[in-house]
Amino acid sequence: MGLLSKKDAGLIKDPLADNNPITIQVLGICSALAITAELQAAVVMAVSVMFVLGAGNVVISLMRNIIPSKIRIIVQLIVVATLVIIVDQALKAYQYELSKTLGAFIGLIITNCIIMGRFEAFALGNGPWRSFLDGIGNALGYGVILIIVAFFRELLGSGSLFGFPVLGDSVEKTGLYALGYENNGFMIMPPMALIVVGIIIWVQRSRNTALIED
């Protein structure tokens with residue numbers, strides 16, 4: 001962060017910990033529940049949100065002085081929808097199978113509260129550079145939680161990471177499976193994502209008691 005001022009660096013670092021959009025602001029929970037059964041899908045969603053939020057914040061910031069107040073939400077939706085279409089088409093062109101796995105969830109980035117919230121709360125009142133940093137920081141905070149949740153869900157639920165077996169062959173009973181280990185099928189069910197997020201929230205608040213609400 002040597003190239004950034006302390007204030008600008010905080011725009012990236014704060015959402016990674018004490019102001020995380022998922023665990024502190026409780027935003028973007030739906031995608032955390034829906035697409036974290038596989039680590040690859042979580043990584044792609046995190047990168048997609050980073051592109052949409054980073055680029056979208058810059059666009060809204062550049063337009064902030066010419067957007068009529070009465071239609072600002074409509075303009076914001078048009079901007080985010082355009083960026084999401086770009087992401088969707090790129091996935092279909094280069095990662096078609098993955099795009100089918102993610103399905104409607106890429107399109108639902110449009111309604112992600114984190115994105116619209118940062119447009120409204122930050123990009124409309126700040127310059128392009130700081131808005132870009134804010135977008136990247138919040139997207140990183142969102143993505144880190146998605147990846148952590150997906151890591152444990154795929155590892156414990158399927159015995160694999162990025163689709164590759166890492167605990168052995170569950171059919172041939174090699175690796176850990178030879179010792180009697182069995183995959184926990186509950187881990188790949190959506191409710192377990194909420195439980196894993198809850199554990200992360202508990203750990204975060206136990207380490208920083210200032211985050212505990214009165």
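For the structure given in this document, a descriptive report is provided here. (Residues numbered from 1 in each chain as written. Predicted model: local features only at pLDDT ≥ 70, side-chain atom pairs only at ≥ 80, totals over all residues. Heavy atoms only, no water.)

## Some points on the overall build of the protein
Turning to step 1, where the next piece is worked out: Helix and strand counts for the protein come out as nine helices and two strands.
Turning to step 2, where the next piece is worked out: In the protein, the succession of α and β elements from N to C terminus is α-α-α-α-α-α-α-α-β-β-α.
Turning to step 3, where the next piece is worked out: When the backbone C-alpha atoms are referred to their principal axes, the protein occupies close to 65 × 45 × 35 Å.
Turning to step 4, where the next piece is worked out: Per-residue burial for the protein yields a buried fraction of 41% across its 214 residues.
Turning to step 5, where the next piece is worked out: Sequence separation of 24 or more characterises 73% of the internal contacts of the protein that already satisfy a separation of 6 or more.
Turning to step 6, where the next piece is worked out: When the accessible surface of the protein is split by element, carbon and sulfur atoms take 68% of a total near 11,400 Å².
Turning to step 7, where the next piece is worked out: Here the protein holds 14 positive side-chain charges and 14 negative ones, and the gap between their average locations is 11 Å. (Helix = DSSP H or I, 4+ residues; strand = E, 2+ residues; numbered from the N terminus. Buried < 20%, exposed > 50% of the residue type's maximum accessible area, 1.4 Å probe, protein only. Contact = heavy atoms within 4.5 Å. Areas by Shrake-Rupley, 256 points an atom, 1.4 Å probe, with all protein chains shown as cover. Lys, Arg positive; Asp, Glu negative; His and termini not counted. Charge placed at Lys NZ, Arg CZ, Asp CG, Glu CD.)

## Notes on the packing of aromatic side chains
Turning to step 1, where the next piece is worked out: For the coordinates displayed, the defined rule picks out three aromatic pairs.
Turning to step 2, where the next piece is worked out: Between phenylalanine 151 and phenylalanine 152 the ring centres are 5.2 Å apart and the planes differ by 90°, which places this aromatic pair in the edge-to-face class.
Turning to step 3, where the next piece is worked out: When the centroid spacing of 5.7 Å and the interplanar angle of 55° are considered together, the rings of tyrosine 177 and tyrosine 181 count as tilted.
Turning to step 4, where the next piece is worked out: Residue tyrosine 177 is classed as buried on the basis of its relative accessible area, which comes to 4%. (Phe/Tyr/Trp six-rings, centres within 6.5 Å; stacked < 30°, edge-to-face > 60°.)

## Topic: the side chain of threonine 23
Turning to step 1, where the next piece is worked out: Of note, threonine 23 is situated in the loop between helix H1 (6-13) and helix H2 (29-34).
Turning to step 2, where the next piece is worked out: Residue threonine 23 is classed as buried on the basis of its relative accessible area, which comes to 0%.
Turning to step 3, where the next piece is worked out: Within polar-contact distance, the side chain of threonine 23 engages the side chain of glutamine 204 at 2.6 Å. (Polar contact = N/O pair within 3.5 Å; in protein donor to acceptor, adjacent residues only side chain to side chain.)

## Here we look at the side chain of serine 61
Turning to step 1, where the next piece is worked out: Tracing the backbone shows serine 61 in helix H3 (residues 39-63).
Turning to step 2, where the next piece is worked out: In this structure serine 61 comes out as buried when scored by relative accessible area, which is 0%.
Turning to step 3, where the next piece is worked out: Among the polar contacts made by the side chain of serine 61, one reaches the main-chain carbonyl oxygen of glycine 127 at a distance of 3.3 Å.

## Describing the nonpolar core
Turning to step 1, where the next piece is worked out: Formed by 45 residues in total, the largest nonpolar core has its most connected members in Met45, Val52, Leu102, Ile106, Ile109 and Leu146.
Turning to step 2, where the next piece is worked out: Those elements that provide at least two residues to this core are H3, helix H4 (72-94), helix H5 (96-102), helix H7 (113-121), helix H8 (128-158) and helix H9 (190-207).
Turning to step 3, where the next piece is worked out: Examining the composition of this core, we find that nine residues originate from one element, H3, more than from any other.
Turning to step 4, where the next piece is worked out: For methionine 45, the residues in contact, after removing those within four places along its chain, are Ile35, Phe105, Ile106, Ile109, Tyr142 and Leu146. (Core = buried A, V, L, I, M, F, W, Y, C linked by side-chain atoms within 4.5 Å.)

## Quick look at a nonpolar patch on the surface
Turning to step 1, where the next piece is worked out: A surface patch of nonpolar side chains, amounting to about 440 Å² of accessible area, comprises Leu16, Val144, Ile148, Phe151, Phe152 and Leu156.
Turning to step 2, where the next piece is worked out: Position of isoleucine 148 relative to the elements: it lies in helix H8.
Turning to step 3, where the next piece is worked out: With relative accessibility at 32%, the residue isoleucine 148 sits in the partly exposed group. (Patch = residues over 30% accessible without salt bridge, like charges linked within 9 Å, V, L, I, M, F, W, Y side chains within 5 Å. Salt bridge = Lys/Arg side-chain N within 4 Å of Asp/Glu carboxyl O.)

## Quick look at H1
Because each turn of an α-helix spans 3.6 residues, side chains separated by three or four positions end up pointing in the same direction.
Turning to step 1, where the next piece is worked out: Within the span of H1, buried status applies to Asp8, Ala9, Gly10, Leu11 and Ile12.
Turning to step 2, where the next piece is worked out: Buried-residue contacts for H1 involve H8.

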